[in-house]
Amino acid sequence: GGPLFNSAGEVIGVNTAIYSPSGANAGIGFAIPIDTVRRIVQQVIRHGRTLRPTLGVSVADDNLTRNLSMRIGTTLSGVLVMDAPPGTPAHAAGIQGSKRKPDGSIVLGDLIVKANAAAVRTVEDLLSAVEEVPLNSSVELTLHRNCDPRRVERIHVLAVDRDEMRVP
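What follows covers the overall build of the protein chain. If you tally the helices and strands in the protein chain, you get four helices and 12 strands. Computed over the C-alpha atoms, the radius of gyration of the protein chain is 19 Å, more than 25% above the 15 Å expected from 2.2 N^0.38 for a compact globule of 168 residues. Overall, the C-alpha framework of the protein chain stretches about 60 × 40 × 30 Å when taken along its three principal axes. The proportion of buried residues among the 168 residues of the protein chain is 32%. Expressed as a percentage of contacts within the protein chain between residues at least 6 apart in sequence, the contacts between residues at least 24 apart total 50%. Approximately 10,300 Å² of the protein chain is accessible, and the part contributed by carbon and sulfur atoms is 54%. On the protein chain, the mean spot of the 18 positive side-chain charges and the mean spot of the 17 negative ones are 4 Å from each other.

Right under this line is the structure:
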């Protein structure tokens, strides 16, 4: 632990772990960026806990999206929505999840390709973009309806506190 300094003596992060094959204090260090530390510290001071914004959407793992992309023979460059349950901000905004038809085939849901104008290629990209916005503010998503790049839509989804969201 402890502060991570740059060559100018400025704190740029907080050290959290080190990978050291020898067991010594030498190896690859891992740190939390100072912007993240500031955001979290302010939340704890103001609210007594960290606030975790969510859109209320379930998404496919990146590996699943890659596998689906290979199976259907088209590039799915983004995050595939699996579900947007009723009662969530994602559902209220009209985000559509993937569905299984009675014959067993799958109708792909929306593919999120941007969040607040930043490219979304992985689940981590989406999580990072959502966690950067204040609670109860809007996130602008660009998505491909049913993974069709010809059906581009921009929608606004409210980011709410994960701990306070109740899904029926």
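Text resumes after the structure shown.
It is worth spelling out the nonpolar core at this point. Grouped together as the largest cluster of nonpolar side chains are 21 residues, with contacts concentrated most on Leu 55, Ile 95, Ala 115, Leu 126, Val 139 and Leu 141. Secondary structure elements with two or more residues in this core: strand S6 (79-83), strand S9 (111-115), helix H4 (123-131), strand S11 (137-144) and strand S12 (152-161). Of the residues forming this core, the biggest block, four residues, is contributed by H4. With residues up to four places along the chain from it excluded, the contact list for Ile 95 reads Val 57, Val 81, Ala 84, Ala 90, Asp 110, Leu 141, Leu 143, Arg 145, Ile 155 and Val 157. Membership of the second largest hydrophobic core comes to eight residues, among which are Ala 60, Leu 68, Leu 80 and Val 113.

Before going further, it helps to spend a moment on the side chain of His 144. Mapping His 144 onto the fold places it in strand S11. Setting aside residues no more than four positions away along its own chain, His 144 makes contact with Gly 109, Asp 110, Leu 111, Val 113, Pro 149, Arg 151 and Val 152.

Judged from the two bridges that link them, strand S4 (residues 53-54) and S12 form a sheet pairing that is antiparallel. Its bridge partner being in S12, Pro 53 is matched across the sheet by Asp 161. As paired strands, S11 and S12 are joined by eight bridges and run antiparallel to one another. By the bridge assignment for S12, Val 139 is matched with Val 157.

Calculation notes
Residue indices begin from 1 for each chain and proceed along its sequence in written order. Thresholds applied to this predicted model are a pLDDT of at least 70 for local features of residues and 80 or more for the giving and counting of side-chain atom pairs; totals over whole chains, interfaces and linings are not thresholded and use all residues. Only hydrogens and water are removed before side-chain values are computed, so all heavy atoms of the structure are retained for them. Helix and strand assignments follow DSSP, with helices taken as H or I runs no shorter than four residues and strands as E runs no shorter than two, numbered in order from the N terminus. What the globule rule says is 2.2 Å times the number of residues to the power 0.38, and the radius of gyration is computed from C-alpha atoms. Residue burial is assigned from relative accessible area. The probe radius is 1.4 Å, only protein chains are included, and a residue is buried under 20% of its type maximum, exposed over 50%, and partly exposed in between. Here, residues are in contact when the closest pair of their heavy atoms is within 4.5 Å. Note on areas: Shrake-Rupley with a 1.4 Å probe; residue coverage comes only from the protein chains shown. Charge counting follows a simple rule: Lys and Arg are positive, Asp and Glu are negative, and His as well as the terminal groups are ignored. The atoms used to mark charge sites are NZ of Lys, CZ of Arg, CG of Asp and CD of Glu. The criterion is simple. A nonpolar core is a set of buried Ala, Val, Leu, Ile, Met, Phe, Trp, Tyr and Cys residues joined through side-chain atoms within 4.5 Å. By the convention used here, strands pair only if DSSP detects at least 2 bridges between them.

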